[in-house]
Amino acid sequence: MEYLVGIQGPDFVLVAADNVAASSIIQMKHDYDKMFKLSEKILLLCVGEAGDTAQFAEYIQKNVQLYKMRNGYELSPSAAANFTRKNLADYLRSRTPYHVNLLLAGYDDTDGPGLYYMDHLSSLSKAPFAAHGYGAFLTLSILDQHYRPDLTREEAVDLLKKCIEELRKRFILNLPSFTVRLIDKEGIHDLEKICTGAK
Amino acid sequence: MTVRRPFPLSHGTTTLGFIFQGGVIAAADTRASAGGLVACPAVNKITPIHSHLVVTSSGSGADCMLWERILGREIRLYQLRHRRCLSIRGTAKLLSFMLHPFKGTDVCVALTLCGWDKSGPKLIYVCSDGARLQGDIFSVGSGSPYAYGVLDGRLRWNLSKEEAVSLAREAVFRATHRDAYSGNNVDLFHITAQGWSQRKREELKEEYYRDMERRAKTVEKGKRETVLDALG
């Protein structure tokens, strides 16, 4: 029911998430933000079971901040992703596993932009583009077709708009709006929300 | 022989809360159902926690009563220890973290915290699944889809207090009309910067008869107009 997507460019990562917080058949909120800021240049996008998402994401968020306070420097996106995966894996075979699907997007000053795909079974993979949710079935082929490693920011946003247009056309559920953010060496930028027109 | 529900819905109740220019309105029905039995027709589903916070409850009656008491106790302890009142957002987070260890068990509470703190009116939905959502309008319970139908059409920021109260009452009424697990009476609370105030509990039977009369009058008027038109 929820949708996350990320596209990595040569010097940026573009991410988008839908804004619906649902409970059974009701949309309880139309403006819910599913992105959690881990640090100045790292975003964690989190979907899954109702309480698990916020609990797990905030836990990771606070621990990344704690690392910075203790050690004086921030975790890199790769380290943050592996830390997240380790926590997910540790809880996986406990009595209370976290049922969450994640995308971690970040910009490292040495390694450049990175997009990491994690799922509820705690697999981790660095990928040039990725998506979560039923919407992924509809949009991954579009990303496969049009993605190039040297996309400009405008081209990446256009590709994102193509994906959302496909969801508007073919996905059975109505996802009225999407939050879009871009991470580059300057930090996290809020881009204009994409609305699918149906109000 | 029972009618199967098309999707799983628990929480036999209708509660709602919304923010408007005059503060926060919290409304709920008063029926406690146990399966098909009306266990109690006059339950309090809206409980004040402190002068500026009320909580509407839905889910398991016993769990809600217990957790409301625990919340009240923890808020008071916080106030004594830190010499300041916890914000509504802080209260919601505290409640959510206290409920987290019971996730996956049969504890079933879905509370809406309706309150006023330093940053203005607040409405936060907390449930035992772990969800914690801040918003301007929430309805919880088996009657909530019907209530949303009424609220979404007519809720505006600049309603007067009487209009807001009447809208909340109608939303609960329509939900109780259609939902078997909600009914009997409607409780209404209004929260402002000065604190909460409670309206007298109203029997929905009266609302139903008023609605029937209104419909009868409209039909009468319609018939008279058609006759007049026919006469030219």
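Each value, and the rule that gives it
Residues numbered from 1 in each chain as written. Chains lettered and ligands numbered in written order. Predicted model: local features only at pLDDT ≥ 70, side-chain atom pairs only at ≥ 80, totals over all residues. Heavy atoms only, no water. Helix = DSSP H or I, 4+ residues; strand = E, 2+ residues; numbered from the N terminus. Buried < 20%, exposed > 50% of the residue type's maximum accessible area, 1.4 Å probe, protein only. Contact = heavy atoms within 4.5 Å. Areas by Shrake-Rupley, 256 points an atom, 1.4 Å probe, with all protein chains shown as cover. Lys, Arg positive; Asp, Glu negative; His and termini not counted. Charge placed at Lys NZ, Arg CZ, Asp CG, Glu CD. Bend = angle between axes of the 7 residues up to and from the residue. Phe/Tyr/Trp six-rings, centres within 6.5 Å; stacked < 30°, edge-to-face > 60°. Lys NZ or Arg CZ within 6 Å of the ring centre and 35° of its normal.

The name that an unreviewed UniProt entry assigns to chain A is Proteasome subunit beta, with the source organism given as Eleginops maclovinus.

In terms of regular secondary structure, chain B is built from 5 helices and 13 strands. Expressed along its principal axes, the backbone C-alpha trace of chain B runs to roughly 80 × 50 × 25 Å. Evaluated residue by residue, chain B yields a buried proportion of 47% over its 232 residues. Contacts in chain B between residues at least 24 apart in sequence constitute 63% of all its contacts with a sequence separation of at least 6. For chain B, the exposed area adds up to about 12400 Å²; of that, 55% sits on carbon and sulfur atoms. Separation between the mean location of the 33 positive side-chain charges and that of the 23 negative ones in chain B comes to 6 Å.

Turning to helix H3 (residues 134–146) of chain A, a few remarks are in order. At Leu140 of chain A, H3 of chain A shows its maximal kink, close to 30 degrees. Its buried side turned inward, H3 of chain A meets strand E1 (4–8), strand E10 (129–132) and helix H4 (153–170) of chain A.

So, about the packing of aromatic side chains. All names here are of chain A. Counted by the stated rule, this structure contains 10 aromatic pairs over all chains. An angle of 85 degrees between the planes, with centres 5.8 Å apart, marks the rings of Tyr67 and Tyr73 as edge-to-face. Each residue in the set Phe56, Tyr91 and Tyr98 is aromatic and connected to the rest through ring pairs, giving one cluster. Sitting over the face of the ring of Tyr116, Lys126 holds its NZ or CZ atom 5.8 Å from the ring centroid.

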